[in-house]
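# Architecture and fold: a report
Here are the chains, one letter per residue:
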Amino acid sequence: MALILPVLRVLCLAALVAAVVSCEERAAPTAPPASAGADGTSPAAATATPTASPAPAAAKPLVLLFQRQKDPEQTRQNAEEAARYLSQALGRPVQTVVPGDYGASVQALVSEQADAAYLSALPFLLARRDGGARLLLAEVRPDLTGARRTTSDSVWVARADGPVASMDDVVARARDLRVCFTSRTSTSGYVMATLSLVRAGLLRPGQDPREAFQSVAFGGGYTQALQEVLAGRADLAAVSHYTVEGPTADVYTTPAERERLRVIARTPDVPTHLVAVRRGLSPEVAEQLAPALLRLSSERPDLLANVYGASELRRVDEAEHVRPTVEAVEAVGLPIENLTSQSPAR
């Protein structure tokens, strides 16, 4: 119950945030969509004659959610540029929104305020269970050897000059350590990190991490969690490996910051982020969106790289891609049920 209530509070708050943001951006007559032209009109409106009937697609833009990273303003700018690309490719307006956290994205998909969202595996599973969301594409990332994968590693990171150098140190010093997870709905920054604590014998399945450590906090994002360690407010942070290692680390941290950090433990086989679409989005629209996103990742990889550090998107088997997360949730004993089921399609 100690874990259920915080999760419910996060998701309830996120529902309000998502609803307000979506309603404001879709209903305000003076706010053009992100794909608007220089004169503030949508592509369809720019070419319409005064007597022409508006196209249904222009009246209801396709709403795509991105997740904020180290630089929210840079995320917003890249999201808007992606919207312009996709709007041209699809022949309809595309609107991008950058919510505050994954909880907001989950609720936006469930309530059908958004048509598609960039998520990690656990938020997707929640959106699938509660709202019938389905996986469209998964991101591909280079590992430390350069191989392109649809999995990554969850890592525990500590200060390089601190006393914690291994998981054995974590177990021995737990009562004196301050921990910062990424968020309660983060796959690598919470679920897989907690799995490593269970495997190390520090936690029992279902045990609240707050019972083992001096304090537990949630950063709200990878960069924010790492900044807690860099600032000395936390001793450990749980994040994805590519935030501190490899060719995409600059998206999240600077070289000078990484010199002050070290990876002390890792858990492999974390599903990469994915693009999910809501229940009720027609198969025709989804099948138009998928190739458009694939072309975006091929022709403009800088947009994905600048926002998330991903190298491309790829079609994957939904059940196989999210299976490690389902198994981790069960092994950890998190109070989240029925992740293999989904709300009936409408």
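The coordinates are above.
It is at 10 Å that the axes of helix α4 (residues 72–90) and helix α11 (residues 283–299) come closest, and there the two elements cross at 130°. On the basis of their axis angle, the class for α4 and α11 is oblique. By crossing handedness, the relation of α4 to α11 is classed as right-handed. When α4 is examined against α11, the residues A82, Y85, L86, A89 and L90 are found in contact with a partner set consisting of Q288, L289, A292, L293, R295, L296 and E299. Across the contact of α4 with α11, the residue classes break down as nine nonpolar, one polar and two charged.

Residue position: T194 is located in helix α8 (residues 187–199). On the basis of relative accessible area, T194 is assigned to the buried category, the value being 2%. Among the polar contacts made by the side chain of T194, one reaches the main-chain carbonyl oxygen of Y190 at a distance of 2.6 Å. Here T194 is in contact with F181, L203 and V332, once residues within four sequence places are set aside.

Quick look at the packing of aromatic side chains now. The full count for this structure, using the stated rule, is seven aromatic pairs. With 4.9 Å between their ring centres and 85° between their planes, F181 and Y190 make a pair best called edge-to-face. In this structure F181 comes out as buried when scored by relative accessible area, which is 0%. Each ring, one from F181 and one from F218, has its centre 5.8 Å from the other, and the planes form 25°; the classification is stacked. Of the two residues, F181 sits in strand β7 (residues 178–181) while F218 sits in strand β8 (residues 215–218), which places them 37 residues apart along the sequence. Members of the aromatic cluster, joined through ring pairs, are W156, F181, Y190 and F218.

All right, on to the sheet that holds β8 then. Ordered by their spatial adjacency, five strands build an open sheet running β8-β7-β9-β6-β10, and the pairing between neighbours is mixed. Across the chains shown, the open sheet's two edge strands, defined by having one partner strand only, are β8 and β10 (261–271). Shown here is a sheet whose adjacent strand axes are inclined to one another by a mean of 20°, direction ignored. The pairing of strand β6 (residues 151–159) with β10 spans eight bridges and is classified as antiparallel. Bridge pairing links S152 to V270 in β10.

Thresholds applied
- Residues numbered from 1 in each chain as written.
- Predicted model: local features only at pLDDT ≥ 70, side-chain atom pairs only at ≥ 80, totals over all residues.
- Heavy atoms only, no water.
- Axes fitted to C-alpha atoms, helices over the stretch in contact; angles between N-to-C directions.
- Helix = DSSP H or I, 4+ residues; strand = E, 2+ residues; numbered from the N terminus.
- Parallel < 35°, antiparallel > 145°, perpendicular 65-115°, else oblique.
- Left-handed = near helix turned anticlockwise from the far one by under 90°.
- Contact = heavy atoms within 4.5 Å.
- Nonpolar A, V, L, I, M, F, W, Y, C, P; charged D, E, K, R; others polar.
- Buried < 20%, exposed > 50% of the residue type's maximum accessible area, 1.4 Å probe, protein only.
- Polar contact = N/O pair within 3.5 Å; in protein donor to acceptor, adjacent residues only side chain to side chain.
- Phe/Tyr/Trp six-rings, centres within 6.5 Å; stacked < 30°, edge-to-face > 60°.
- Pairing = 2+ DSSP bridges.

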